[in-house]
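# Residue-level structure breakdown
Residues per chain are reported as follows:
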Amino acid sequence: MIVALTWPIVGAVLFAALLHSGWNALIKSGDDKALDTALILVLGGGVGLVLVAAFGLPRREALPWVAGSVVLHIGYYVTLVGAYRHGELGFAYPIMRGTAPLLVAVLSGHLIGEHLPAAAWLGVAGISCGVLLIGLTQSARIGGSRRHALAYALANAAIIASYTLVDGSGVRVAGNTMQYVGLLFLIDGMPYFAIVAWQRRTELEPALAYMRKRWPVALLGSCASLGAYGIALWAMTHAPIASVAALRETSVLFAALIGVLMLKERFRFQRALGTGAIVAGVMALRLA
């Protein structure tokens, strides 16, 4: 039964947000972002296989939703790598994650009949504005091409909104979060890994050497990615999809801190204002 956000759900999604920012930071910190992404995904397939073996497959009615999600995720990973290749984590990540919940909130009423109350709309808007404030700082001008990073990030946001609605609906049809997530991760990373392998076919030895060096870190990223998305999908079986989609984008706070502490990016006053907006948005969602 779909109910409003409760504090346990809020806490779980905030933890998922921390996990999500962590595996994104792993990609950004690597020397080869496409290979890091592909390695995280293919190892995630192994984790998904363990879940399928333990919990079984979702009901047949959920399979079209899984298939649609896999197609959308290919575009997600392509645009994710492009955004991080051209822009820093503190710029690209907030743009991607800040505009997606607004799109989900707008589309969920028309597509799945979930209409948010006014307070929830304020929460979604507060979180989205805070995320964008954190990202749109002067530090985003350092390195890379801001115009190209913005294009990739906005395309990524549209894809995020699409697969959020697909997976939120699919996991409800499946009736079991672990079964749905297990199957999704089992097959989700294979197409992108195949694309990257084909692109590196003429330099296979260096690619294999890089993956051998990075696989322990990538496995952590795989577990973080699966845990983050699994928790979010579980939350969507208990609360409105748009509210959960907005709440999980608080991951930008963790991404900003990781960017500052580990990647040596700057934390400016505008990001502090964005933090305040996100906190206010979270409270509005909880009280809606």
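Residues numbered from 1 in each chain as written. Predicted model: local features only at pLDDT ≥ 70, side-chain atom pairs only at ≥ 80, totals over all residues. Heavy atoms only, no water.

## Some thoughts on the overall build of the protein
- Scanning the protein from terminus to terminus reveals eleven helices and zero strands.
- Element order for the protein, N to C, with α for helix and β for strand: α-α-α-α-α-α-α-α-α-α-α.
- When the accessible surface of the protein is summed, it comes to about 12100 Å², and 71% of that surface belongs to carbon and sulfur atoms.
- Here the protein carries 21 positive and 12 negative side-chain charges, and the mean point of each set is 6 Å from the other. (Helix = DSSP H or I, 4+ residues; strand = E, 2+ residues; numbered from the N terminus. Areas by Shrake-Rupley, 256 points an atom, 1.4 Å probe, with all protein chains shown as cover. Lys, Arg positive; Asp, Glu negative; His and termini not counted. Charge placed at Lys NZ, Arg CZ, Asp CG, Glu CD.)

## Thoughts on the side chain of Thr 177
- Relative to the assigned elements, Thr 177 resides in helix α7 (residues 177-199).
- Those residues in contact with Thr 177 that sit more than four places away from it in its chain are Val 171, Gly 230, Leu 233, Trp 234 and Thr 237. (Contact = heavy atoms within 4.5 Å.)

## Brief notes about the nonpolar core
- Membership of the largest hydrophobic core comes to 76 residues, with the highest contact counts inside it found for Leu 5, Trp 23, Tyr 76, Met 96, Tyr 180, Tyr 192 and Leu 285.
- Those residues in contact with Tyr 192 that lie beyond four places of it in its chain are Ala 34, Thr 37, Ala 38, Leu 41, Tyr 77, Val 78 and Val 81. (Core = buried A, V, L, I, M, F, W, Y, C linked by side-chain atoms within 4.5 Å. Buried < 20%, exposed > 50% of the residue type's maximum accessible area, 1.4 Å probe, protein only.)

## Overview of the pattern of salt bridges
- Applying the stated criterion across every chain, the model contains four salt bridges.
- Across the salt bridge formed by Arg 214 and Asp 36, the nearest N and O atoms sit 3.0 Å from each other. Here Arg 214 is found in helix α8 (residues 204-236), whereas its partner Asp 36 is found in helix α2 (residues 33-55), with 178 residues between them in sequence. With respect to burial, Arg 214 and Asp 36 carry one shared label: buried.
- Taken together, the shared-partner salt bridges connect Asp 32, Arg 200 and Glu 203 into one network. (Salt bridge = Lys/Arg side-chain N within 4 Å of Asp/Glu carboxyl O.)

## Let's talk about helix α11 (residues 269-287)
- The end-to-end C-alpha distance of α11, which contains 19 residues, comes to 28 Å, matching closely the 27 Å that a straight helix rising 1.5 Å per residue would cover.
- Within α11, the full set of buried residues consists of Arg 271, Gly 274, Ile 278, Gly 281, Val 282 and Leu 285. Across the axial projection of α11, the buried residues extend over an arc of 100°, all falling on one side. Turned more than 90 degrees from where α11 packs its buried face, Phe 269 and Leu 287 sit exposed. (Expected span 1.5 Å × (residues − 1). Arc of directions from axis to C-beta.)

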